[in-house]
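Summary of the model geometry
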Amino acid sequence: MSQNKPIVCLGILVADVVGRPLRTLPEAGRLVLVDEMGLYTGGCAANAGTALARLGLPVEVIGKVGADPFGDFVLNAMKERGIGTRGIKRDQQIGTSATMVMVDPDGERRFVHYIGANARLQLEDIDFSLIEGASILHVAGALVMPGIDGQPTAELMRRAKSMGVTTFLDTVWDDTGRWMQLLEPCLPYVDYFVPSLAEAQALTGLDDPHDVARALLDRGVGVVGLKMAAEGCLVMTRAGETLHVPAFEVEVVDATGAGDAFAAGFIAGVWQGWTLEQTARLANAVGALCVTGVGAAGAVRSLEETLAFMESARVKAG
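A few points on the structure. Worth saying up front: this structure is predicted, and the values here are computed from it rather than measured.

Take the overall build of the protein next. A count of helical and extended segments in the protein gives 10 helices and 13 strands. Taking 2.2 N^0.38 as the reference for a compact globule, 318 residues should give roughly 20 Å; the C-alpha atoms of the protein span a radius of gyration of 18 Å, in line with that estimate. Projected onto its principal axes, the C-alpha positions of the protein cover 55 × 50 × 40 Å. Buried positions account for 57% of the 318 residues belonging to the protein. Pairs at least 24 residues apart make up 69% of the contacts formed inside the protein by residues separated by at least 6 positions. A gap of 3 Å separates the mean positions of the 26 positive and 38 negative side-chain charges of the protein.

Another aspect to go through is the sheet that holds strand β7 (residues 109–114). Overall, mixed pairing links the 4 strands, which are arranged β3-β2-β6-β7 in an open sheet. This sheet does not close on itself; its edge strands, each paired only once, are β3 (36–42) and β7. Pairs of neighbouring strands in the sheet enclose a mean axial angle of 20 degrees, with direction left out of account. The sheet contact formed by strand β2 (residues 14–20) and β3 spans 7 bridges and is antiparallel. Residue pairing across strands places R20 opposite E36, the latter belonging to β3.

The next subject is the layout of surface pockets. Reported here for the largest pocket is a volume of approximately 1,500 Å³. For the lining of the largest pocket, the secondary structure elements donating two or more residues are β2, α1 (44–54), β6 (98–103), β7, β9 (166–171), α8 (258–271) and α9 (276–290). Along the walls of the second largest pocket sit 13 residues, with G19, L22, V34, M37 and M102 positioned nearest its centre. Where the lining of the second largest pocket is concerned, the elements lending two or more residues are β2 and β6. Partitioned by chemical class, the residues of the lining of the second largest pocket number 11 nonpolar, 1 polar and 1 charged.

Attention shifts here to the environment of D35. Along the polypeptide, D35 turns up in the loop between β2 and β3. Placed 125 residues apart in sequence, D35 and A160 show a C-alpha to C-alpha distance of 45 Å. If sequence neighbours within four positions are ignored, D35 has contacts with R20, P21 and R23. Within polar-contact distance, the side chain of D35 engages the side chain of R23 at 2.9 Å.

The next thing to look at is the pattern of salt bridges. Under the counting rule described, the total for this entry stands at 15 salt bridges. For E36, the salt bridge goes to R20, with nearest N and O atoms at 2.6 Å. Within this pair, whereas E36 is found in strand β3, its partner R20 is found in strand β2, the two being separated by 16 residues in sequence. Classification of R20 by relative accessible area gives buried; the value is 18%. Overlapping salt bridges bring together K64, D91, R120 and D125 as one network.

Further remarks concern the packing of α1 against α8. Closest axis-to-axis distance for the α1/α8 pair is 8 Å, and the angle between their directions is 50 degrees. By the criterion of interaxial angle, the relationship of α1 to α8 is oblique. Crossing of α1 over α8 shows right-handed handedness. For the pair α1 and α8, the contacting residues are C44, N47, A48, A51 and L52 in the first and D260, A261, A264, I267 and A268 in the second. Looking at the contact of α1 with α8, its residues break down into 8 nonpolar, 1 polar and 1 charged.

With that settled, consider the environment of A119. Mapped onto the fold, A119 is located in the loop between β7 and α3 (128–132). Overall, the relative accessible area of 23% leaves A119 in the partly exposed class. Those residues in contact with A119 that sit more than four places away from it in its chain are P146 and G147.

Here we come to the packing of aromatic side chains. All chains considered together, the criterion is met by 6 aromatic pairs. Consider the rings of W173 and W179, whose centres lie 4.9 Å apart with planes at 80 degrees: the pair is edge-to-face. On the basis of relative accessible area, W179 is assigned to the buried category, the value being 8%. Taking the centre distance of 5.3 Å and the plane angle of 55 degrees together, the rings of F248 and F309 count as tilted. In this pair, F248 is assigned in the loop between β13 (242–245) and α8 and F309 in helix α10 (residues 303–312), connecting sequence segments 61 residues apart. Note that R159 overlies the ring of F128, its terminal NZ or CZ placed 3.6 Å from the centroid.

As a further point, take the side chain of N47. Here N47 shows up in helix α1. By relative accessible area, which is 7% here, N47 ends up buried. Discounting chain neighbours no more than four positions away, the residues touching N47 are T41, G42, G257, D260 and A296.

The strand order across the open sheet formed by 9 strands is β5-β4-β1-β8-β9-β10-β11-β12-β13, and the pairing between neighbours is mixed. Lying at the two open borders of the sheet, with one neighbouring strand each, are β5 (84–91) and β13. As paired strands, strand β11 (residues 223–227) and strand β12 (residues 233–237) are joined by 5 bridges and run antiparallel to one another. When the bridges of β12 are listed, G225 appears paired with V235. Contacting β9, β10 (192–193) and β11, helix α6 (residues 197–204) crosses the sheet at an angle of about 120 degrees to β11.

Thresholds, definitions, all that
- Residues numbered from 1 in each chain as written.
- Predicted model: local features only at pLDDT ≥ 70, side-chain atom pairs only at ≥ 80, totals over all residues.
- Heavy atoms only, no water.
- Helix = DSSP H or I, 4+ residues; strand = E, 2+ residues; numbered from the N terminus.
- Rg over C-alpha atoms; globule rule 2.2 N^0.38 Å.
- Buried < 20%, exposed > 50% of the residue type's maximum accessible area, 1.4 Å probe, protein only.
- Contact = heavy atoms within 4.5 Å.
- Lys, Arg positive; Asp, Glu negative; His and termini not counted.
- Charge placed at Lys NZ, Arg CZ, Asp CG, Glu CD.
- Pairing = 2+ DSSP bridges.
- Axes fitted to C-alpha atoms, helices over the stretch in contact; angles between N-to-C directions.
- 1 Å grid on protein atoms, 1.4 Å probe; cavity = no way out; pocket = protein on both sides within 12 Å on 5 of 7 lines; lining within 4 Å.
- Points joined across faces, edges and corners; volume = space filled by probe spheres on them.
- Nonpolar A, V, L, I, M, F, W, Y, C, P; charged D, E, K, R; others polar.
- Polar contact = N/O pair within 3.5 Å; in protein donor to acceptor, adjacent residues only side chain to side chain.
- Salt bridge = Lys/Arg side-chain N within 4 Å of Asp/Glu carboxyl O.
- Parallel < 35°, antiparallel > 145°, perpendicular 65-115°, else oblique.
- Left-handed = near helix turned anticlockwise from the far one by under 90°.
- Phe/Tyr/Trp six-rings, centres within 6.5 Å; stacked < 30°, edge-to-face > 60°.
- Lys NZ or Arg CZ within 6 Å of the ring centre and 35° of its normal.

Now the structure itself:
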């Protein structure tokens, strides 16, 4: 794979207001205190793009924000991180997507979300010249982008593959319950699918991770990388390779963005031409480092620092 070509992350862009730790939910009309609160970038495309940039890889982001202060914040943050923003459109009629993220003392999260401009990203908004010049296209946040979910995403990925671009796909929990109805047309054009186990179980209607992965491969996916949190990841390929790679032991501060960081690590391994096992270990490491800091990009570090972490960190016992 050409390392002169950037990675394109296409998907949801969000402004996250994160408060932690939330020790109890307030009753109506009451207030509770947290120790810290901040404004962070969020959304799968911003999260994965930020993690890739921190790893030192060239990244472009495609998405949509509003013409509002949250949109200014997201755009400025992307630029400050060295991420290309030519593919980000601004919508004059609707606000930037935003989330209130409440982090429990154990790092688990609760979300209040406004979908905003992400709902209005459409196929005609996408600059295909950016994709044509890319090595990898990562569609980040499928199932919560109603303007392109389903057949438009399938067409997007078909066109990307026809341009010789490697395709990645990640999902968000589908509260509408349409799951396979929306994703099935896309799967034959997906080289690497990296959902969480819970999302993949809901998608397939199956429970056992191996059965889940096989069902996705049967629908045309090239490689499935199931994110299994403390259990690490399960990777299966159409060629018959199966790997279970254990997670690294870390102290969880905030799990926001961990799945997107995992995806970024997987993309980075593929971009560099690493073996599947090396790639899966890197993905676990990037996800693990993410949860040790606050916000969707957490404490993701440079590739050199991440490799040093992988050398010294303990893995969880199987």
